[in-house]
Amino acid sequence: MVEIPAGRVHMRDDRKKTAWTVEVGSFLLAPVPVTRELYDAIVRTERSGFEENVGSPDCPVTDVSWLDAIRFCNTISLRSGFEPCYEVGADGETVAFDVQADGYRLPTEAEWQHACRAGTDGYRYGDLDEIAWYRDNAEGAARSVGAKLPNAWGLYDMLGNVWEWCWDVYDAQVYGSYRIFRGGSWAEEARGCGATVRRRSHPTFRIDDLGFRLARTKP
């Protein structure tokens, strides 16, 4: 895990024409997205039916819902001797976040954006072809993690390869429980691979270019 320094993040929602600032404390973030190999080793699931575009074991796992990611975080936390961050309700979809827990979790979108930019203030932290797999160079599939250049804080694939789930609800009044994901993907055009791009999906949906990355609150 990479230690991400504290900072101030300027957020915006182009749909609603709003902007706001978030103070982010120091936290830990995995240098690469969760891979197929790690995911299957922890949750021991059969992924038949999701074989197209998933690539080799060191490619990011895809076709995982937000709720799948939440359950994975809890499982790997327990196996690592940490306290799980999430409590899933009896309905299987209501999730409470224990901010005091020391286990693995999803980053908030402010944490994700802060980590992605790594002290820069532009749309990207480098030349897109050098830092990201996207529609023009990925050849129609997810690619092995860590093969492109990292950002200044040693984080790989923050842009491109796969979108990454974040903790946050997108807009509860309009979209209900839809959650945010960030970063662009192997299937995305260049303009969609940027530090401020925000997308959303239902927490039960599984998408072939959407994965996640592990975070932890700094002990």
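Our structure's up above, just so we're on the same page.
**Describing the side chain of T35**
Part 1: Relative to the elements of secondary structure, T35 occurs in the loop between β4 (27-29) and α1 (36-43).
Part 2: At 3.2 Å, the side chain of T35 forms a polar contact with the backbone nitrogen of L38.

**Some details on helix α3 (residues 109-117)**
Part 1: Counted residue by residue, α3 has nine buried out of nine residues, so it is predominantly covered.
Part 2: A positive phi of about 50 degrees marks A118, the residue just after α3.

**A word on the environment of G7**
Part 1: Position of G7 relative to the elements: it lies in strand β2 (residues 7-13).
Part 2: G7 sits 112 residues away from G119 along the chain, and the two C-alpha atoms are 8.8 Å apart.
Part 3: Leave out the neighbours within four places in its chain, and G7 touches V22, E23, V24 and H114.

**Looking at the packing of aromatic side chains**
To describe a pair of aromatic rings, one takes the distance between the centres and the angle between the planes.
Part 1: Evaluation of the coordinates by the stated rule reveals 13 aromatic pairs.
Part 2: Their ring planes at 40 degrees and their centres at 6.0 Å tell us that Y175 and Y178 sit as a pair that is tilted.
Part 3: The exposure class assigned to Y175 is partly exposed, which follows from its relative accessible area of 23%.
Part 4: Arranged with centres 6.3 Å apart and planes meeting at 75 degrees, the rings of Y178 and F205 form a pair that is edge-to-face. Highlighted residues: Y178 in the loop between α5 (172-175) and β9 (179-182) and F205 in the loop between β10 (198-201) and β11 (210-211), separated in sequence by 27 residues.
Part 5: Judged by its relative accessible area of 25%, Y178 is partly exposed.
Part 6: Grouping aromatic residues by their ring pairs yields a cluster made of W66, Y86, F97 and W167.

**Things to note about the pattern of salt bridges**
Part 1: Overall, the coordinates contain 15 salt bridges when judged by the stated rule.
Part 2: For E3, the salt bridge identified is with K218, shortest N-O distance 2.6 Å. Of this pair, E3 sits in strand β1 (residues 2-4) while K218 sits in the segment after β12 (215-217), placing them 215 residues apart in sequence.
Part 3: With its nearest N and O atoms 3.3 Å apart, the salt bridge here joins E189 to R135. Highlighted residues: E189 in the loop between β9 and β10 and R135 in the loop between α4 (128-131) and β8 (163-169), separated in sequence by 54 residues.

Rules of the game
Residues numbered from 1 in each chain as written. Predicted model: local features only at pLDDT ≥ 70, side-chain atom pairs only at ≥ 80, totals over all residues. Heavy atoms only, no water. Helix = DSSP H or I, 4+ residues; strand = E, 2+ residues; numbered from the N terminus. Polar contact = N/O pair within 3.5 Å; in protein donor to acceptor, adjacent residues only side chain to side chain. Buried < 20%, exposed > 50% of the residue type's maximum accessible area, 1.4 Å probe, protein only. Contact = heavy atoms within 4.5 Å. Phe/Tyr/Trp six-rings, centres within 6.5 Å; stacked < 30°, edge-to-face > 60°. Salt bridge = Lys/Arg side-chain N within 4 Å of Asp/Glu carboxyl O.

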